[in-house]
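# Understanding the architecture of this molecule
Spelled out from the first residue to the last, the chains are:
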Amino acid sequence: MRTVRLRLTLLHMGLFLVAGALLVALIYVLVRFSPFPGPAVAPTAPGGGPPAGTPGPDHVAQAASLRRLLVNSLVAFAVAAFAAMILGWFAAGRALRPLGAMTATVRRITAERLDRRLPVSGPDDELRRLAVTFNDLLDRLEGAFTAQRRFVANASHELRTPLTLQRATAEIALADPEAGAETLRAVLGRVLAAGEQQERLIEALLTLARGQQGPHRRERLDLAAVAAQALFHQDAPGRQDAPDPRIEASLHPAPASADPALIERLVANLLGNARRHNVPGGWITVWTGAADGRPTLRIRNSGPLVPAERVPLLLQPFQRMESGRKAGRDGLGLGLSIVAAIVEAHHGTLEVRPLPEGGLDVTVALPGPVPEEGPA
């Protein structure tokens, strides 16, 4: 198997062989055809020297020296090539040692053990940057898996509660042999109410999943028109012990490119939360317009005090201000999480701030309209 270490070793040795062969050839050529003049040789008399054209002792010695130099250079080159291969093998192993540690760590990472991270040490090189990038990816995966597990657990709990209530109500009615028509009618009413709660929860879950998948189509729309329609058809139930809050609207044109169905749900959820989580004699302000060149919707409402550290939790599914039995009157706990999913799917921005006197200030900014926008 041709591993990376073997390929690096062969590459290192190949480069050394090419460079060594060029060096040996260059030395031989320079010695054989040296451009620098050698020591002067005294001329010989015609009668005492060798015949013309016959190589003398100096030429023979020079040729023998060249052959000896070539042979010695080739022997030294072979030894150096073997040493280069050994050194290249160990150098490649040392350079790839961090990758081996990364591989061993990655093999131990599973869906249940996403808390492991690659070791980040050594100089700031490509391997260190690779480890940092992979650790960032693991952080995002761990967050996604944790959110998924929490969502599944919460959804199962929320769906199990009305089912348990329906079953218990029906069993109590069936166990009473003297139950009359009025009693059975009341039982059926409670069963229907629990079924309606299940339908609302399932519809909210489907909307959340659709918002996370992204818009199916984009159309040019005006946030002012969507907000006006939502205000006109707003049917979110307010608190039973308090009148509806006072609503003030300042709607300026805010053209955007988005999925109309998702944006309508976004505005309806924000208005529904503003009415549901309010106080007696409270107020709601709705503003649409352009802010920093982007179509923007801003909804502010009075209400109970919201700690700043709880604001990020309200954007997660099934998170409510109240817990226990009071949580049932606060809705399904999916309103703001659906809003956050829709905004993220449209590549917009969502800012939620608690007001000092109580209530929330929610600002949604969407991308501007795109010319010739059609179905995606």
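Bear in mind the structure is a predicted one, so any value in this text is a computation, not a measurement.

### Quick look at the overall build of the chain
- The helix and strand tally for the chain stands at nine helices and seven strands.
- Buried residues in the chain amount to 30% of all 376 residues.
- Working note: accessible area of the chain is about 23,900 Å², and carbon and sulfur atoms make up 62% of it.

### Notes on the pairing of strand E7 (residues 360-365)
- Most of E7 is tucked away: six of the six residues are buried.
- Side chains Leu360, Val362 and Val364 of E7 all project onto a buried face; the interleaved residues Asp361, Thr363 and Ala365 project onto the opposite face, where all are buried too.
- Alignment of strand E5 (residues 294-301) against E7, held across six bridges, turns out to be antiparallel. Note on E7: the bridge partner recorded for Leu297 is Val364.
- Bridge count between strand E6 (residues 349-354) and E7: six bridges; the pairing is antiparallel. The residue of E7 that forms the bridge with Thr349 is Ala365.

### Some thoughts on the nonpolar core
- Core analysis: the largest hydrophobic core is formed by 36 residues, its most contacted members being Ile263, Leu266, Val267, Leu270, Leu297 and Ile299.
- Considering every element that reaches this core, the biggest residue donor is helix H7 (residues 260-276), with seven residues.
- With near-sequence residues (within four places) excluded, Ile299 lies in contact with Leu270, Leu271, Ala274, Ile284, Thr285, Val286, Leu360, Asp361 and Val362.

### As for the packing of helix H6 (residues 223-232) against H7
- In the contact formed by H6 and H7, the axes pass within 9 Å of each other and the chain directions differ by 50°. It follows that H6 is oblique to H7 by the angle criterion. Taken as a pair, H6 and H7 cross one another with a handedness that is right-handed. Contacts between H6 and H7 involve Leu223, Val226, Ala227, Gln229, Ala230 and Leu231 from the former and Ile263, Glu264, Val267 and Leu271 from the latter.
- Of the residues in the contact of H6 with H7, the class split is eight nonpolar, one polar and one charged.

### Brief notes about the environment of Ala291
- Within the secondary structure layout, Ala291 lies in strand E4 (residues 283-291).
- A C-alpha to C-alpha distance of 9.2 Å links Ala291 and Ala254, two positions 37 residues apart in sequence.

### Concerning the confidence of the model for the chain
- Predicted confidence across the chain gives a mean pLDDT of 76, with 75% of residues reaching 70 or more.
- Here residues 235-242 is modelled with pLDDT under 50, and outside its nearest four sequence neighbours on either side it reaches eight contacts, counting other chains as well.
- Scored below 50 in pLDDT, residues 324-329 makes three contacts in the model with residues more than four places away or belonging to other chains.

### Examining the packing of H7 against helix H9 (residues 335-345)
- Taken N-terminus to C-terminus, the directions of H7 and H9 make an angle of 145°; their axes are 9 Å apart at the nearest point. For the element pair H7 and H9, the recorded crossing hand is left-handed. Across the interface between the two elements, Leu262, Ile263, Arg265, Leu266, Asn269, Leu270 and Asn273 of H7 pack against Gly335, Leu336, Ile338, Val339, Ile342 and Val343 of H9.
- Within the contact of H7 with H9, the residues separate by chemical class into nine nonpolar, three polar and one charged.

### With respect to unusual backbone geometry
- A positive phi angle, close to 60°, is found at Asp292, a residue other than glycine.
- Tracing the sequence through the fold places Asp292 in the loop between E4 and E5.
- Taking the relative accessible area as the measure of exposure, Asp292 reaches 82% and is therefore exposed.

### Quick word on H9
- When you tally the buried positions in H9, you get ten out of eleven residues, the bulk of the element.
- For H9, the full list of buried residues reads Gly335, Leu336, Ser337, Ile338, Val339, Ala340, Ala341, Ile342, Val343 and Ala345.
- His347 sits one or two positions beyond H9 and adopts a positive phi of about 60°.

### Focus: the sheet that holds E7
- Pairing within the open sheet is mixed, and its five strands lie in the order E2-E4-E5-E7-E6. The sheet is open, and its two borders are formed by strand E2 (246-251) and E6, each paired with just one other strand. Each adjacent strand pair in this sheet contributes to an overall mean axis angle of 10°, direction not counted.
- Of the pairings in the sheet, the one linking E2 to E4 comprises six bridges and is parallel in character. From the neighbouring strand, Arg246 faces E4, where its bridge partner is Trp283.
- Seen against the sheet, H7 touches E4, E5 and E7 and runs at an angle of roughly 20° to E5.

Rules and cut-offs
- Residues numbered from 1 in each chain as written.
- Predicted model: local features only at pLDDT ≥ 70, side-chain atom pairs only at ≥ 80, totals over all residues.
- Heavy atoms only, no water.
- Helix = DSSP H or I, 4+ residues; strand = E, 2+ residues; numbered from the N terminus.
- Buried < 20%, exposed > 50% of the residue type's maximum accessible area, 1.4 Å probe, protein only.
- Areas by Shrake-Rupley, 256 points an atom, 1.4 Å probe, with all protein chains shown as cover.
- Pairing = 2+ DSSP bridges.
- Core = buried A, V, L, I, M, F, W, Y, C linked by side-chain atoms within 4.5 Å.
- Contact = heavy atoms within 4.5 Å.
- Axes fitted to C-alpha atoms, helices over the stretch in contact; angles between N-to-C directions.
- Parallel < 35°, antiparallel > 145°, perpendicular 65-115°, else oblique.
- Left-handed = near helix turned anticlockwise from the far one by under 90°.
- Nonpolar A, V, L, I, M, F, W, Y, C, P; charged D, E, K, R; others polar.
- pLDDT = per-residue confidence, 0-100.

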